[in-house]
Amino acid sequence: MSVSAAPVTHLARPHRPVVVAGTLGELCGPTAGFAELPLRLWWQPQRAFDLSQHTMLLWMYENVLREAIRVDELRNHLDGATLVRVWPELNLPRGVRAAWEARHPRLRRRTAA
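Residues numbered from 1 in each chain as written. Predicted model: local features only at pLDDT ≥ 70, side-chain atom pairs only at ≥ 80, totals over all residues. Heavy atoms only, no water.

Q: How should the overall build of the chain be read in this particular structure?
A: Summing up its helical and strand segments, the chain has 5 helices and 4 strands in all. Reading the helices (α) and strands (β) of the chain from amino to carboxyl end gives β-β-β-β-α-α-α-α-α. For the chain, the proportion of contacts with a sequence separation of at least 24, taken over those separated by at least 6, is 59%. Element-wise, carbon and sulfur atoms account for 55% of the exposed surface of the chain, whose accessible area totals about 6800 Å². (Helix = DSSP H or I, 4+ residues; strand = E, 2+ residues; numbered from the N terminus. Contact = heavy atoms within 4.5 Å. Areas by Shrake-Rupley, 256 points an atom, 1.4 Å probe, with all protein chains shown as cover.)

Q: Explain the side chain of E62 to me, please; I cannot follow it from the model alone.
A: Here E62 is to be found in helix α1 (residues 54-67). No salt bridge is formed by the buried E62. Its closest oppositely charged neighbour is R66, at 4.7 Å. (Buried < 20%, exposed > 50% of the residue type's maximum accessible area, 1.4 Å probe, protein only. Lys, Arg positive; Asp, Glu negative; His and termini not counted. Salt bridge = Lys/Arg side-chain N within 4 Å of Asp/Glu carboxyl O.)

Q: Please clarify how the nonpolar core should be interpreted in this entry.
A: Inside soluble globular proteins, nonpolar side chains tend to come together where they are buried. With 32 residues, the main nonpolar core has L65, L74, L83, L90 and W100 as its most contacted residues. Every element with two or more residues in this core is listed here: α1, α3 (80-86) and α4 (94-103). For this core, the leading source of residues is α1, giving 7 residues. Setting aside residues up to four positions removed in sequence, L74 forms contacts with V19, V20, A21, L27, V64, L65, A68 and W100. (Core = buried A, V, L, I, M, F, W, Y, C linked by side-chain atoms within 4.5 Å.)

Q: When you look at α1 in this model, what are you seeing that I'm missing?
A: Residues spaced three or four apart along an α-helix face the same direction, because each turn holds 3.6 residues. Here α1 spans 20 Å end to end across 14 residues, near enough to the 20 Å set by a 1.5 Å rise per residue. Where burial is concerned, most of α1 is hidden: 10 out of the 14 residues are buried. Among all positions of α1, only M56, L57, L58, M60, Y61, E62, N63, V64, L65 and E67 are buried. (Expected span 1.5 Å × (residues − 1).)

Q: Looking at this structure, how should I read the environment of A35?
A: Secondary-structure assignment places A35 in strand β3 (residues 34-36). The buried category is assigned to A35, whose relative accessible area is 6%. A sequence separation of 15 residues divides A35 from D50, and the C-alpha atoms of the two residues are 6.6 Å apart. Once you skip the residues sitting within four places of it in the chain, A35 turns out to touch P30, R47, A48, F49, L51 and M60.

Okay, here's the thing in structure tokens:
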């Protein structure tokens, strides 16, 4: 009898599976100016992030990666090249980081400069 391992489900938080884009190229969110997250992703009164401010960009990416429940939320708010660039700096739950790095080994190999 053959036993196959069950697929690993990474969680962003209890009972919430991590959503991962199929490719980094499909992430075509804004890269400059101000980006406003919908209330579902960021429930603060001020939802606009100035992407020219590095800490705000990191903060927005961290929240989108943690809170997304649909791939279109990732596509609309993240940029693939930017994600690769800032990946080592993002403060993410282990499950989010593990899920993304499992699907996109290119992220795993990045180290902070």
